[in-house]
Amino acid sequence: MGAGDQGHLKADIFLFPEERNLRIFTCDNVVQGRIDARNVFHQDDGDWQFLCGGDHGEDGDVEDRIHIACLECTVARDPTLNAISKMPRGHHAVRKGRGEPWFVWQDGGEEALGRAEGDSENYVTYVTESSAWLGRRQDAMHAQFGIRDAKTWHYDQDTGLFTFTFADRPPVLADFEKVGSVSTRSNTWLWSWANESTEPRLTLGAQRARDFGRERDWLPLWLADYAADEVDGWEMSAIVARLTNAEGCYRAPSDWLYLYFTLRNLRCAD
Ligand SMILES: [Zn+2]
Ligand SMILES: [Zn+2]
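Parameters and conventions
- Residues numbered from 1 in each chain as written.
- Chains lettered and ligands numbered in written order.
- Predicted model: local features only at pLDDT ≥ 70, side-chain atom pairs only at ≥ 80, totals over all residues.
- Core = buried A, V, L, I, M, F, W, Y, C linked by C-beta atoms within 7 Å.
- Buried ≥ 20, exposed ≤ 12 C-beta atoms within 10 Å, placed from the backbone.
- Helix = DSSP H or I, 4+ residues; strand = E, 2+ residues; numbered from the N terminus.
- Domains from an automatic or database assignment.
- Contact = placed C-beta atoms within 7 Å.
- Pairing = 2+ DSSP bridges.
- Axes fitted to C-alpha atoms, helices over the stretch in contact; angles between N-to-C directions.
- Expected span 1.5 Å × (residues − 1).

How should I be thinking about the nonpolar core in this particular structure?
For soluble globular proteins, the rule of thumb is that nonpolar side chains tend to be buried together. Core analysis: the largest hydrophobic core is formed by 63 residues, its most contacted members being Phe50, Ile84, Leu219, Cys249, Phe261 and Leu263. The dominant element in this core, judged by the number of residues it contributes, is helix α6 (residues 230–244), at six residues. Taken together, domain 1 (3–117) and domain 2 (121–268) each give at least three residues to this core, which thus spans both. Once residues lying within four places of it in the same chain are set aside, the contact partners of Leu263 are Phe162, Ala174, Phe176, Ala246, Glu247, Gly248, Cys249 and Tyr250.

This is the structure:
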């Protein structure tokens, strides 16, 4: 009998970009709590597998069968799975057990890309606080400079200057850095430091967030790209802005990209 017989479980923290009721592969050891999920695979076709790390073959333990379960139910039973919720396709994660760090690998890679910490609550708290912090900054910036009313925007990687123009008043200038971008084609986030078309000196804040994330084993901060939407872009921007005490952020739409910038030293051109 499968886990579905117990009814659906609601997860207090659910950070996966997938639908909550996504069907995933798991095994009896994990579902029944005998062994934590220790080998997690996010396959190229998008399937997730949350397995105990034991033998599931023909000769394996007949008590430990692979079966299909619901993603949110699986996360509800083990919230520490949220630490690897942003792990992209073609990657897998291994750990010794709950409370131990995940080591995230790209399939076929020679060494682990990095670690992810199972304590998602601290991460969620930090993101929430940063978003609130940025909200206050945005309110102040918009009140003073009204860049929401801008007719055009333009940035120059050579000068590091962002320019907003208006119909009825002089332009507003700002120094900028790039945080990253969300592709609405692939629905992925890409950090500026991983984007070859971005000048490295315009990614210092994003690099700082990466180092900050490495220290805390927060995967979304150190992994170069992963499934994401506009909200994720704002969250990453909020973290960078807060870490670097930026004056605000700007999200610029481009054909199939949202570009996220931090701004500082805003001033009206005469
Ligand atoms: Zn469920
Ligand atoms: Zn198993």
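Would you take a moment to explain the sheet that holds strand β4 (residues 66–70) for this structure?
Adjacent strands of a sheet form backbone hydrogen bonds with each other and so pair up, either parallel or antiparallel. Reading across from one edge, β4-β1-β3-β2-β5-β6-β7 is the order of the seven strands in this open sheet, with mixed pairing throughout. Across the chains shown, the open sheet's two edge strands, defined by having one partner strand only, are β4 and β7 (114–116). Averaged over all neighbouring strand pairs, the angle between strand axes comes to 25 degrees, with direction disregarded. Inspection of the sheet shows strand β1 (residues 23–27) paired to strand β3 (residues 48–51) by two bridges, in the parallel sense. Within β3, the position partnered with Phe25 by the bridge is Gln49.

Would you mind going over the pairing of strand β11 (residues 188–191) with me for this structure?
The side chains of a regular strand alternate, residue by residue, between the two faces of the sheet. Side chains Trp189 and Trp191 of β11 all project onto a buried face; the interleaved residues Thr188 and Leu190 project onto a face where none is buried. Both strand β10 (residues 172–183) and β11 contribute to a ladder of four bridges, which runs antiparallel. Paired with Val182 across the bridge in β11 is Trp189. Relative to strand β12 (residues 225–227), β11 runs antiparallel, the two being bridged by three bridges. If you follow Leu190 over to β12, its bridge partner there is Asp225.

Sorry if this is basic, but what is going on with helix α3 (residues 120–145) here?
Structurally, the α-helix is built with 3.6 residues per turn, so residues lying three or four positions apart point the same way. With 26 residues, α3 should cover 38 Å at 1.5 Å per step; its first-to-last C-alpha distance of 37 Å lies within 8% of that length. For α3, every residue scored as buried is listed here: Ser120, Tyr123, Val127, Ser130, Leu134, Arg137, Met141 and Phe145. The elements touched by buried residues of α3 are β10, α6, β13 (248–254) and β14 (257–268). Downstream of α3 by a residue or two, Gly146 has a phi angle that is positive, lying close to 55 degrees.

I tried to follow the domain arrangement of the protein on my own but got confused; where do I start?
Where interface size is given, it is often the accessible area lost as the parts come together that is meant. Domain parsing of the protein yields domain 1 (3–117) and domain 2 (121–268). Computed over C-alpha atoms only, the centres of domain 1 and domain 2 are separated by 32 Å. Listed by partner, the interface residues are 13 residues for domain 1 and 14 residues for domain 2. For the side of domain 1 that touches domain 2, the element with the most residues is β7, which contributes three residues.

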